[in-house]
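In case you want the letters, here they are:
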Amino acid sequence: MADIDELLPRARSPRDYLNLVTDPRVDQEVLRGLAASPYPFVRKAVAAHPLADAQILTALLRTEDLDRWDRCYLLATVAHHPNADRTVLLRVVRQTLALLRQPNGRPYATALALAQRPELDPAEILILAKQQGASHRMRRGLLRNLAARIP
């Protein structure tokens with residue numbers, strides 16, 4: 001089990017934290033620590049890491065301090081992550097709904113990724129299409145992605 005302090009140099013920069021995400025010695029414990037990073041670019045890199053489990057992905061969904069673009073990117077990355085379970089995905093749905101209700105929220109990539117996930121029922125996805133912030137293009141994409149996943 002690796003420790004963040006052991007893996008980082010004494011004099012640390014934000015780039016050192018980002019580099020640590022791709023270090024081959026990183027395990028889930030280190031990823032948990034990095035998921036709490038104050039640096040959005042580090043948290044986005046953790047969200048894409050193949051070892052990030054559902055617990056780590058849940059921790060990353062604390063997005064209040066992120067700007068709209070970083071929040072949308074992080075949510076879309078989590079929605080695509082193979083280790084995101086139903087509980088994580090439902091949290092992403094709730095945050096996507098909140099963004100669609102905000103002016104210029106635009107979490108379209110996240111909504112389309114969620115529509116591809118078989119863990120979610122079509123009704124849980126279609127509610128996204130009914131939001132005022134949903135574009136016509138997003139609605140078509142949701143329907144297309146839902147149709148593609150039905151055998």
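Structural notes, computed from the coordinates. Because the structure is predicted, anything quoted here is derived from the model rather than measured.

1. Some details on the side chain of Asp-53
Thought 1: With respect to the helices and strands, Asp-53 occurs in the loop between α4 (40-48) and α5 (54-60).
Thought 2: A polar atom in the side chain of Asp-53 sits 2.9 Å from the backbone nitrogen of Ile-56.
Thought 3: If near-sequence neighbours (up to four positions away) are discounted, Asp-53 is found in contact with Gln-28, Arg-32 and Asn-83.

2. Digging into the pattern of salt bridges
Thought 1: Within the structure shown, the criterion is met by eight salt bridges.
Thought 2: Here the salt bridges share partners, and the residues they tie into one network are Glu-29, Arg-32 and Asp-53.

3. Some words on helix α3 (residues 28-35)
Thought 1: The set of residues buried in α3 consists of Val-30, Leu-31, Leu-34 and Ala-35. Around the axis of α3, the buried residues are gathered within 140° of arc, so they sit on the same side.
Thought 2: Where α3 is buried, its residues touch α1 (4-7), α2 (14-21), α4 and α5.

4. Some thoughts on the packing of helix α7 (residues 86-100) against helix α9 (residues 122-129)
Thought 1: Across the interface, α7 lies against α9 with an axial gap of 10 Å and an inter-helix angle of 15°. As summarised for this structure, α7 and α9 are arranged roughly parallel, according to the angle between their axes. Helix-helix and strand crossings are classified by hand; for α7 and α9 the assignment is left-handed. On α9, the residues touching Arg-86, Leu-90, Val-93, Thr-96, Leu-97 and Leu-100 of α7 are Glu-124, Ile-127 and Leu-128.
Thought 2: For the contact of α7 with α9, the residue count by class is six nonpolar, one polar and two charged.

5. A few points about the nonpolar core
Thought 1: Core analysis: the largest hydrophobic core is formed by 45 residues, its most contacted members being Leu-20, Leu-34, Val-46, Leu-60, Leu-114, Leu-128 and Leu-142.
Thought 2: Tallying contributions element by element places α7 first for this core, with seven residues.
Thought 3: Setting aside residues no more than four positions away along its own chain, Leu-128 makes contact with Val-93, Thr-96, Leu-97, Leu-100, Ala-111, Leu-114, Ala-134, Met-138 and Leu-142.

6. Some points on α4
Thought 1: Among the residues making up α4, those that are buried are Val-42, Arg-43, Val-46 and Ala-47. Taken end-on, α4 shows its buried residues confined to a sector of 140°, consistent with a single buried face.

7. Remarks on the environment of Glu-6
Thought 1: With respect to the secondary-structure elements, Glu-6 resides in helix α1.
Thought 2: For Glu-6, a relative accessible area of 64% translates into the label exposed.
Thought 3: In sequence terms Glu-6 and Asn-83 are 77 residues apart; their C-alpha atoms lie 27 Å from each other.

Quick notes on the rules
- Along each chain, residues carry numbers from 1 onward, in the same order as the chain's sequence is written.
- Reporting in this predicted model follows two pLDDT cut-offs: at least 70 for local features of residues, and 80 or more for side-chain atom pairs to be given and counted; totals over whole chains, interfaces and linings ignore these cut-offs and use all residues.
- Where side-chain values are given, they derive from all heavy atoms of the structure, hydrogens and water being excluded.
- Only runs of H or I of at least four residues qualify as helices and only runs of E of at least two qualify as strands under DSSP, and these elements are numbered from the N terminus.
- Pairing of N or O atoms within 3.5 Å defines a polar contact, subject to two protein rules: one partner must be a possible hydrogen donor and the other a possible acceptor, and residues neighboring in sequence count only if both atoms are side-chain atoms.
- We call two residues contacting when some pair of their heavy atoms lies within 4.5 Å.
- Each reported salt bridge corresponds to a side-chain nitrogen of Lys or Arg within 4 Å of a carboxyl oxygen of Asp or Glu.
- Throughout, exposure labels follow a simple rule: accessible area from a 1.4 Å probe, protein chains only, divided by the maximum for the residue type, with under 20% read as buried, over 50% as exposed, and the rest as partly exposed.
- Regarding the arc, it is the one traced by the directions from the helix axis to the C-beta atoms.
- Axis geometry follows a simple rule: fit a line to the C-alpha atoms, using only the stretch in contact for helices, then measure angles between N-to-C directions, giving values from 0 to 180 degrees.
- Roughly parallel means an angle under 35 degrees; roughly antiparallel, over 145; roughly perpendicular, 65 to 115; everything else is oblique.
- It is the rotation of the near helix from the far one that decides the hand of a crossing: anticlockwise by less than a right angle makes it left-handed, clockwise makes it right-handed.
- Charged means Asp, Glu, Lys or Arg here, nonpolar means Ala, Val, Leu, Ile, Met, Phe, Trp, Tyr, Cys or Pro, and polar covers whatever is left, Gly included.
- In this text, buried Ala, Val, Leu, Ile, Met, Phe, Trp, Tyr and Cys residues form a nonpolar core when linked through side-chain atoms within 4.5 Å.

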